[in-house]
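Report on the structure
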Amino acid sequence: MAGEPQTDCLFCKIVSGDIPATIVRESATTVAFRDINPQAPTHVLVIPRLHHPDAASLAAAAPEVAADVLREAGEVAAAEGIEAGGYRVVFNTGSGAGQTVFHAHAHVLGGRGLQWPPG
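I will try to describe carefully the structure that is included in this document. (Residues numbered from 1 in each chain as written. Predicted model: local features only at pLDDT ≥ 70, side-chain atom pairs only at ≥ 80, totals over all residues. Heavy atoms only, no water.)

Points about the pattern of salt bridges
To keep things clear, this is the line we draw: When a carboxyl oxygen of Asp or Glu lies within 4 Å of a side-chain nitrogen of Lys or Arg, that pair is called a salt bridge. Helical segments are the DSSP runs of H or I of at least four residues, strand segments are the runs of E of at least two, and each set is numbered from the N terminus. Under the scheme applied here, a residue whose accessible area is under 20% of the maximum for its type counts as buried, over 50% as exposed, and between as partly exposed, the area being computed with a 1.4 Å probe on protein chains only.
Taken as a whole, this structure holds five salt bridges when the rule is applied. Close ionic contact of Glu26 with Arg49 constitutes a salt bridge, the shortest N to O distance being 2.8 Å. In this pair, Glu26 is assigned in strand β1 (residues 23–26) and Arg49 in the loop between β3 (42–48) and α2 (55–61), connecting sequence segments 23 residues apart. The exposure class assigned to Glu26 is exposed, which follows from its relative accessible area of 52%. For Arg49, a relative accessible area of 26% translates into the label partly exposed. A salt bridge links Glu72 to Arg71; its shortest N-O distance comes to 3.7 Å. Exposure remark for Glu72: the relative accessible area of 4% places this residue in the buried category. Among the ionic contacts, a cluster of salt bridges with common partners joins Arg25, Asp68, Arg71 and Glu72.

Here it is, written out as structure tokens:
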């Protein structure tokens, strides 16, 4: 069920502390941690503490938490020193778009020039 922790979800296990991660920020509704397979010098994931399978379902069920994820993405960029040079916030939705963990999450990428369009 959306919003409830899922026992088979990697990110739910990070939120609960059952799986370690390099946490860079936490709020009442979000957790931000370094990606284990970074695609840029700075690559941090910002996730809601509650389980939602993707960004669209998060926005539909809990728009205030979706806003928190975006706000925290900006805070991560500032804390990581990439705000002034520019950064990208990416939500992949569905396996065809590269989503591999089906718990809504924003990728915060920066620290080098980022080309458009990606992939």
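Things to note about the nonpolar core
Put simply, the rule is: Among buried residues, the Ala, Val, Leu, Ile, Met, Phe, Trp, Tyr and Cys ones that are joined through side-chain atoms within 4.5 Å form a nonpolar core. Contacts are assigned to residue pairs with any non-hydrogen atoms lying within 4.5 Å of each other.
The biggest cluster of nonpolar side chains holds 15 residues, and the ones touching the most others in it are Ala32, Val46, Leu58, Val69, Val76 and Val108. Every element with two or more residues in this core is listed here: β3, α3 (63–79) and β5 (106–110). Sort the elements by how many residues they give to this core and α3 lands first, with six residues. Excluding residues within four positions of it along the chain, Val46 makes contact with Thr30, Val31, Ala32, Val69, Glu72, Ala73, Val76, His105, Ala106 and Val108. Membership of the second largest hydrophobic core comes to nine residues, among which are Cys12, Leu45, Ile47 and Val101.

Here's the deal with the sheet that holds strand β4 (residues 87–90)
We apply this condition: Pairing between strands requires that DSSP locate at least two bridges from one strand to the other. What counts as an axis is a line fitted to C-alpha atoms, over the stretch in contact for a helix, and the angles between N-to-C directions run from 0 to 180 degrees.
Pairing is antiparallel in the open sheet, where five strands are placed in the order β1-β2-β3-β5-β4. This sheet does not close on itself; its edge strands, each paired only once, are β1 and β4. On average, adjacent strands in this sheet sit at an angle of 20 degrees to one another, irrespective of strand direction. With three bridges connecting them, β1 and strand β2 (residues 30–34) associate as antiparallel partners.

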